[in-house]
Amino acid sequence: MNPKIKILLVDDQALFREGLRTLLDLQPDFEVVGEASQGEEALRMAVNLSPNVILMDLRMPVMDGVTATRRIKDSLPQCKVIVLTTFDDDEDVFEGLRAGAVGYLLKDVSSEKLYEAIRSAARGEYFLLPSITAKVMAEFSRLSRPARTSLDEIGVKLSSRELEVLRLVAQGASNKEIADTLVIAEGTVKNHLTNILAKLDARDRMQAVLRARELGLI
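Cut-offs used in this document
Residues numbered from 1 in each chain as written. Predicted model: local features only at pLDDT ≥ 70, side-chain atom pairs only at ≥ 80, totals over all residues. Heavy atoms only, no water. Buried < 20%, exposed > 50% of the residue type's maximum accessible area, 1.4 Å probe, protein only. Helix = DSSP H or I, 4+ residues; strand = E, 2+ residues; numbered from the N terminus. Pairing = 2+ DSSP bridges. Right-handed = clockwise from strand over helix to strand, strands pointing away. Domains from an automatic or database assignment. Contact = heavy atoms within 4.5 Å. Buried area = accessible area lost by both parts, 1.4 Å probe. Salt bridge = Lys/Arg side-chain N within 4 Å of Asp/Glu carboxyl O. Polar contact = N/O pair within 3.5 Å; in protein donor to acceptor, adjacent residues only side chain to side chain. UniProt positions renumbered as here; feature names shortened; annotations may be inferred.

Asks: So what's going on with the pairing of strand 5 (residues 103–106)? Residues and values would help.
Replies: Neither face of strand 5 is exposed, since G103 and L105 on one face and Y104 and L106 on the opposite face are all buried. Of the pairings in the sheet, the one linking strand 4 (residues 80–85) to strand 5 comprises 4 bridges and is parallel in character. Among the inter-strand pairings, V83 is bridged to a residue of strand 5, identified as Y104. At this point the chain moves from strand 4, through helix 4 (residues 90–98), to the parallel strand 5, and the crossover so formed is right-handed. Inspection of the sheet shows strand 5 paired to strand 6 (residues 127–128) by 2 bridges, in the parallel sense. Residue G103 lies in a different strand from strand 6, and its bridge partner there is F127. The parallel pair strand 5 and strand 6, bridged by helix 5 (residues 111–122), forms a crossover whose chirality is left-handed.

Shown next, in the form of structure tokens:
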């Protein structure tokens, strides 16, 4: 059997943490290993418990979620942080992602999306809902950048299928959603993503999307 995904919950609302723990305990591959009510406590617990995934609120007393995420990533780079918050202001989104979060969810997200985000993060993938991805792409589009070299000169050659996959990734689609949309196996999607990352010299999905946007591929 695969080891369970160890999860740390970080939120200053005890009732919310209790409900979240109850929800996550329904999944046989999840194990909630701890709860913290603010960022400083989360940092100590993360060091002691080495969770795979942390669900992190942003606005908390003593130490906010952005600061906690940054410090946790400095100490435990292998730990994946998913922001789980009420707020989707542009500043919150960008600060959370810049701090090192691999996902950004709102608290009204469905349980199935939450499960999918946790499993994606544990695999080392980014997970952003389409609304959040749209914010990131809009911000990137506003950034000034030098004139692009032609794709032939750059040497990036993506197949038509790889471009389809990449466009869906840019829309925030998960591997399963991409597979369903393109009517292909989820394993095939993973193979395409591996090729895309290699061709774009990107370490993860988000960097691939940003690199593709910079090159004018999407």
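Here the narrative resumes, following the displayed structure.
Asks: Quick rundown of the environment of A134? Include the residues and the values.
Replies: When you line up the elements, A134 lands in helix 6 (residues 130–142). Placed 37 residues apart in sequence, A134 and Q171 show a C-alpha to C-alpha distance of 7.1 Å.

Asks: Account for the domain arrangement of the chain, with residues named and values stated.
Replies: Under the domain assignment used here, the chain contains domain 1 (5–144) and domain 2 (160–215). For domain 1 versus domain 2, the distance between C-alpha centres works out to 23 Å. Residue-level contacts link 12 residues of domain 1 with 13 residues of domain 2. Summing both partners gives a buried area of about 1200 Å² for domain 1 against domain 2, and 61% of it is carried by carbon and sulfur. The interface formed by domain 1 and domain 2 includes 1 salt bridge. Among the ionic pairs, E177 bridges to K113, the shortest N-O distance being 2.2 Å. Run the count over domain 1 and domain 2 and you get 3 residue pairs in polar contact (both at pLDDT 80 or more).

Asks: Could you give me a rundown of the UniProt feature "domain: Response regulatory" (unreviewed entry) in the chain, with the residues and numbers involved?
Replies: Annotation from UniProt places "domain: Response regulatory" (unreviewed entry) at residues 6–122. Across residues 6–122 one finds 46% helix and 22% strand; the C-alpha atoms that close the span lie 9 Å apart.

Asks: An account of the environment of A117 is needed here, citing residue identities and associated values.
Replies: Looking at where A117 falls in the secondary structure, it is placed in helix 5. The buried category is assigned to A117, whose relative accessible area is 1%. Between the alpha carbons of A117 and V102 there is a distance of 9.3 Å; along the sequence they are 15 residues apart.

Asks: Describe the UniProt feature "modified residue: 4-aspartylphosphate" (unreviewed entry) in the chain, listing the residues and the values that go with them.
Replies: With numbering matched to this structure, UniProt assigns "modified residue: 4-aspartylphosphate" (unreviewed entry) to D57. Residue classification places D57 among the buried positions, given a relative accessible area of 4%. Those residues in contact with D57 that lie beyond four places of it in its chain are V10, D11, D12, G65, L84, T85 and K107.

Asks: Outline unusual backbone geometry, supporting the account with residue identities and numerical values.
Replies: Phi angles above zero are rare outside glycine, and V62 is one such case at about 70°. Tracing the backbone through its elements, the reader meets V62 in the loop between strand 3 (53–56) and helix 3 (65–75). The residue D201 is not glycine, and still its phi comes out positive at about 55°. In this structure, D201 sits in the loop between helix 10 (186–200) and helix 11 (205–215). Given the relative accessible area of 69%, D201 is considered exposed.

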